[in-house]
Amino acid sequence: GSTNGITAESTAVYSTDEAQAGDGSQQITMVRNDNTTARLRHLSGGGSPLNNRVSVGGQSRAMGPNGYVGFFLKTTDADLQVGIGIDDGVSGGTTGLEISNSRPVIADGRWHLYEWNLDDDAQWSNFSGGNGTIDGPNAYIDSVFIHAGASTTGKTLTMFLDTVAYNPFGSLAELVP
């Protein structure tokens, strides 16, 4: 229901061909069908909030509702946009899924940072069961969204995803040497 416009031949695999940091990245191949647009909801940790904790001071924790979250992406394929989905709330065992505003992808074959401010309500909308804000008390990365425009119909698109990160104190750019 939340992924559409791609075929079953689409894949996501670990690859050592490219890396923004470390030894590899996730290579995502979207094989487009004949729909004019497509959306891939690329789940993190199987879509379970408890599988998407971050290490804070050596302990596994949820993100807070403040700071920045994002990732690095590299591609040469044009007419793409990216976003991120955040589960938040966790009250009574339920979460709301908020979706970020989409950012246009720079298709120059270089790594680019795409990030969102968890504190800025203007950057978020309700996707499912949420309220359009990241208001915690806990927040977890649910998914990366990749949107493909009409010019990609029938094409095979390849991108590399790496360094999905959270910084409670400011921009992720501050973490990059």
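Summary of the structure given here. What you are looking at is a predicted structure, and each value in this text was computed from that prediction instead of being measured.

Right, let's talk about the nonpolar core for a bit. By size, the foremost hydrophobic cluster in this structure holds 29 residues, and its most contacted members are Met30, Phe71, Ile86 and Ile146. For this core, the elements supplying multiple residues, two or more each, are β2 (25-31), β3 (38-43), β6 (68-75), β7 (80-91), β10 (112-117), β12 (139-148) and β13 (156-167).

Next up on the list: the sheet that holds strand β1 (residues 11-15). In spatial order, the strands read β1-β2-β13-β6-β10; together these five strands make up an open sheet with antiparallel pairing. The two strands at the open ends of the sheet, each matched to only one other strand, are β1 and β10. Within this sheet the neighbouring strands show an average axis-to-axis angle of 30°, counted without direction.

So, about the packing of aromatic side chains. Centre-to-centre distance and the angle between the planes together describe a pair of aromatic rings. A full pass over the atoms with the stated rule returns three aromatic pairs. Ring centres of Phe71 and Trp116 lie 5.6 Å apart, and the angle between their planes is 40°; on these two criteria the pair is classed as tilted. Here the residue Phe71 occupies a position in strand β6, and Trp116 occupies one in strand β10, the gap between them amounting to 45 residues. Ring-pair connections join several aromatic residues into one group, and the members of that group are Phe71, Tyr114 and Trp116.

Mapped onto the elements, Ile141 comes out in strand β12. In this structure, the C-alpha to C-alpha distance between Ile141 and Val69, residues 72 residues apart in sequence, is 8.4 Å. Those residues within four positions of Ile141 in sequence are excluded, and the remaining contacts are Ser44, Asn52, Met63, Val69, Ile84, Gly85, Ile86 and Val164.

Tallying each qualifying case throughout the model produces two salt bridges. Measuring nitrogen to oxygen at the nearest pair gives 2.5 Å for the salt bridge that ties Glu18 to Lys74. A residue pair is termed long-range when its members are at least 10 positions apart, and Glu18 in the loop between β1 and β2 and Lys74 in strand β6 qualify at 56 residues. A relative accessible area of 24% places Glu18 in the partly exposed class. By relative accessible area, which is 15% here, Lys74 ends up buried. A salt bridge links Arg41 to Asp142; its shortest N-O distance comes to 2.7 Å. A residue pair is termed long-range when its members are at least 10 positions apart, and Arg41 in strand β3 and Asp142 in strand β12 qualify at 101 residues. The buried category is assigned to Asp142, whose relative accessible area is 2%.

Conventions adopted
Residues numbered from 1 in each chain as written. Predicted model: local features only at pLDDT ≥ 70, side-chain atom pairs only at ≥ 80, totals over all residues. Heavy atoms only, no water. Core = buried A, V, L, I, M, F, W, Y, C linked by side-chain atoms within 4.5 Å. Buried < 20%, exposed > 50% of the residue type's maximum accessible area, 1.4 Å probe, protein only. Helix = DSSP H or I, 4+ residues; strand = E, 2+ residues; numbered from the N terminus. Pairing = 2+ DSSP bridges. Axes fitted to C-alpha atoms, helices over the stretch in contact; angles between N-to-C directions. Phe/Tyr/Trp six-rings, centres within 6.5 Å; stacked < 30°, edge-to-face > 60°. Contact = heavy atoms within 4.5 Å. Salt bridge = Lys/Arg side-chain N within 4 Å of Asp/Glu carboxyl O.

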